[in-house]
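# Architecture and fold: a report
Letter by letter, the chains look like this.
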Amino acid sequence: MCGIVGYIGNKKANPILIDGLLALEYRGYDSAGIALIDNGKINVFKEKGRVKNISLNNNMDTATGNVGIAHTRWATHGKPSQENAHPHMDNSKMFAVVHNGIIENYSELREFLKKKGYHFDSETDTEVIPNLIHYYYQDCNNFLEAFNRTLNDLKGSYAILVISPLFEGVYVAKMASPLVIGEGNNENFIASDIPAILSYTKEFYFLNDGEIGYITKQEIKFYNNKLEKIVNEKKVIEWDKNAADKDGFDDYMLKEIYEQPRAIKETLAGRVVLNNSCNFPDLEIDKNYLEKIKRVYIVACGTAMHAGLVGKKAIEQLCNITTIVDVASEFRYNKPIIDDETLCIFISQSGETADTIAALKLAKSNNAKTIAISNVLGSSITREADYVVYTHAGPEIAVASTKAYVSQVATIIGMAIYFAEILDTLDKKEIEKIKTELLDLPSKIDKVLDNTKEIIDIAKNITNETNAFYIGRGNDYNIALEGSLKLKEISYIHSEAYPAGELKHGPIALIENDTYVIGIITNSDICEKTLSNLEEVKTRGAKIVLISNVDIVNEDMIIVNIPQINSILAPIVAIIPLQLLAYYIAKNKGLDVDKPRNLAKSVTVE
Ligand code: F6R
């Protein structure tokens, strides 16, 4: 969704801002713009479409100014257009603002301002912000106070940057939308996402909800909402700049697929150790508490929710605790049964997903202990939850989640083993066996990645299809769900995932001659049953691709063999060929795999 970049220093701001916006393209957007302070006045350049349009249409090389703010917009209020693109200015052109989030009471504020004589040039909710600042500034002649009064009037979510010839630096504020400040040497950077400015600094400050920051080239100051000065802690990000580059791969998605063995190693490092207890030092959870737990909720969206489904199997099978998985956008309306005997786990790669954060707040208000599993240091969810477990997958840039998924699954399985050790629900030998297999996952994934020819060939056959089905039982169904999501989101082929036994209760009516059905079998106990379901669709004309780690000989099916592994861990291996299948089909169709249509990397609206 929308992205923000800001710069102040001695260099020309324009190339740094463009560079930052390009790094944020993966979030998904439909217009972009920049505002610079140049010779005591604000210059705004904005265009519909791609970031490159700003430079193409505006003779940007001549744009000077060492202070600037920039934005990529993902339309919510008002269509994608140049007028609606950010930055927005007040009527007197004294203040320029970029904003992420949604101002829920903007109509009311717009009416108020109209009555005071202000006019509006866009359909956006954002345009009320610079005009309100102007309105209050006329009254008090003090920017910080005018800004704070404006923020007090706003309902909804925001990350806001303001520049003006009236002051040297950049004012920033946030409420439920991400914002980070990167510290440089005689220059400072601001962004909605760390990767936008990772090539300039690794030292970051995180603004909390309700706080204001004032950033000049030499200073970073913070204020609370009473305008008292406060001190925020500086954090050093370990992500390497190359981690946010394509590194010779055609697309981020392919690079991230190949990074999965390393991502899992990082996730498990120091946490899961053979012949020793698991180690999750950030989780202050003891035996007394775990014994008291009646149920666990795992709440997340999309791929992260699919990781939760695999986590449910692990927690139920290893710890014997009832576990319920819910989609975050439904959780609140399902009247979940939560109290101090409920443990709630929230999974979010970005840590900024609005529905997941809202669900977490509900759980906390009902006295449940909350754990956030996230990939992004300092993200909103990590600041809300009681405990945080980072996945350490490194920056994930492609919209379609791959390495984040496997690291989420590895994290939650690692946690399940940790809980099982504390609860003593599993034989020590069993625990060591599963730990050994968990630590062996990277080499098993490497084996799949070393042999992609078969998948590339299958992808050629499926490229022109309009429908596909993914089926499996138990954890294989969870893999089917994630495989199917990967296919639809990047290749735009309609696909459905079904529990294999459920097909005959309706959806089998859709099977026609040559419909592709992708079966998954990673558990020999249920192999025969899934095979029968595949035979049922085969006799109705379907073409079968089977991803399997069980010895199966069947000439009527294209069988992709993957390494054997405990069925609790199998999704981490079995998802790899399905990610590759979706990737190569999308490539064959000439689609932009990293930035699929209509999607955003970080979904900050409910
Ligand atoms: C699909 C995908 C999405 C995300 C979902 C949650 O490939 O990436 O389904 O998993 O939007 O995002 P996070 O994990 O950032 O909360």
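Residues numbered from 1 in each chain as written. Predicted model: local features only at pLDDT ≥ 70, side-chain atom pairs only at ≥ 80, totals over all residues. Heavy atoms only, no water.

### Description of the sheet that holds strand 21 (residues 467-472)
Worth spelling out the cut-off: Only strands joined by at least two bridges in the DSSP assignment are considered to pair. Note on conventions: DSSP H or I runs of at least 4 residues are helices, E runs of at least 2 residues are strands, and numbering of each starts at the N terminus. Fitted lines through C-alpha atoms serve as axes, helices being fitted only where they are in contact, and the angles separating the N-to-C directions of these axes extend from 0 to 180 degrees. By definition, residues are in contact when any of their heavy atoms lie within 4.5 Å.
Strand order in the open sheet formed by five strands is 22-21-23-24-25, and the pairing between neighbours is parallel. Where the open sheet ends on each side, the last strands, each with one partner, are strand 22 (494-499) and strand 25 (557-561). Ignoring which end each strand starts from, the neighbouring axes of this sheet average 20° apart. Sheet topology places strand 21 next to strand 22; six bridges connect them, and they run parallel. Looking across to strand 22, one finds that N467 is bridged to H494. Each of strand 21, strand 23 (516-521), strand 24 (543-548) and strand 25 is contacted by helix 18 (residues 524-538), which is oriented at about 175° to strand 23, the strand it contacts most.

### A few points about the site of the ligand
The criterion, for reference: Definition of nearness: a residue and a molecule or strand are near each other if at least one heavy atom of the residue lies within 4 Å of the molecule or strand. As used in this structure description, the phrase polar contact means that two N or O atoms lie within 3.5 Å; if the pair is within protein, one of them must be able to donate a hydrogen and the other to accept it, and residues adjacent in sequence are counted only when both atoms belong to side chains. Values of accessible area rely on a 1.4 Å probe in the Shrake-Rupley scheme; residue burial ignores everything except the protein chains shown.
Surrounding the ligand, one finds 13 residues, the nearest of these being S348, Q349, S350, T353 and E489. T353 places a polar side-chain atom, nitrogen or oxygen, 2.4 Å from an oxygen atom of the ligand. V399 places a polar main-chain atom, nitrogen or oxygen, 3.3 Å from an oxygen atom of the ligand. Protein burial of the ligand: of its 410 Å² of free accessible surface, 89% is covered by the chains. Only helix 9 (302-319) and helix 17 (475-491) provide two or more residues apiece to the shell around the ligand.

### Quick notes on empty space enclosed by the protein
Cut-off, in case you're wondering: Residues are said to line a cavity or pocket when one of their atoms sits within 4 Å of a point; the points come from a 1 Å grid over protein atoms alone, cavities being sets where a 1.4 Å probe fits but cannot get out and pockets being open sets with protein on both sides within 12 Å along at least five of seven lines. Grid points are joined across faces, edges and corners, and a volume is the space filled by probe spheres set on the points. Classes in brief: Ala, Val, Leu, Ile, Met, Phe, Trp, Tyr, Cys and Pro nonpolar; Asp, Glu, Lys and Arg charged; the others, Gly included, polar.
The tally for this structure, following the rule as stated, stands at three cavities of 30 Å³ or more. Contributing to the lining of the largest cavity are 24 residues, with S192, D193, I194, S350 and V376 lying nearest its centre. Here the lining of the largest cavity is built from residues that sort into twelve nonpolar, six polar and six charged. Here the second largest cavity defines a volume of roughly 70 Å³. For the second largest cavity, the lining is made up of ten residues, of which C2, T76, G101, T604 and V605 are closest to its centre. Along the lines of polarity and charge, the residues of the lining of the second largest cavity split into five nonpolar, four polar and one charged.

### Section: the pairing of strand 8 (residues 170-175)
Regular strands have side chains that alternate between both faces of the sheet. The test is simple: Any residue under 20% of the maximum accessible area for its type is buried, any over 50% is exposed, and the rest in between are partly exposed; the area is computed with a 1.4 Å probe on protein chains only.
In terms of residue burial, strand 8 counts as a mostly covered element, since five of its six residues are buried. Two strands pair when backbone bridges link them, and strand 7 (residues 158-163) and strand 8 are joined in this way by five bridges, in the antiparallel orientation. Paired with A159 across the bridge in strand 8 is K174. Where strand 7 folds back on strand 8, the antiparallel hairpin that results is connected by six residues. Both strand 8 and strand 12 (residues 212-215) contribute to a ladder of four bridges, which runs antiparallel. By the bridge assignment for strand 12, Y171 is matched with Y214.

### Structural notes on helix 17
Just so we agree on the cut-off: Expected helix span is given by 1.5 Å per residue-to-residue step, counting one fewer step than there are residues.
Between its first and last C-alpha, helix 17 extends 24 Å over 17 residues, near the 24 Å set by a 1.5 Å rise per residue. Taking burial as the measure, the 17 residues of helix 17 include 14 buried ones, the bulk of the element. Just beyond helix 17, the residue with positive phi is Y492, at close to 60°.

### A look at the pairing of strand 3 (residues 41-48)
For strand 2 (residues 31-38) and strand 3, the ladder comprises eight bridges, and the chain directions are antiparallel. The residue bridging A35 from the neighbouring strand is V44, located in strand 3. Taking the residues between adjacent antiparallel strands as the criterion, strand 2 and strand 3 are bridged by two residues, where N39 takes a positive phi near 50°.

### Observations concerning the side chain of S491
Following the sequence through the fold, S491 ends up in helix 17. With residues up to four places along the chain from it excluded, the contact list for S491 reads I585, A586, K589 and L591.

### So, the pattern of salt bridges
Test applied: One side-chain nitrogen of Lys or Arg within 4 Å of one carboxyl oxygen of Asp or Glu is enough to make a salt bridge.
Counted under the stated rule, the structure contains 26 salt bridges. Of the charged contacts, one joins R262 and E259 as a salt bridge, the two residues approaching to 3.9 Å between their closest N and O atoms. Classification of R262 as exposed rests on a relative accessible area of 51%. Among the ionic pairs, K486 bridges to E489, the shortest N-O distance being 3.2 Å. Linking K486 with E489, this pair stays in helix 17, spanning three residues, or about one helical turn.

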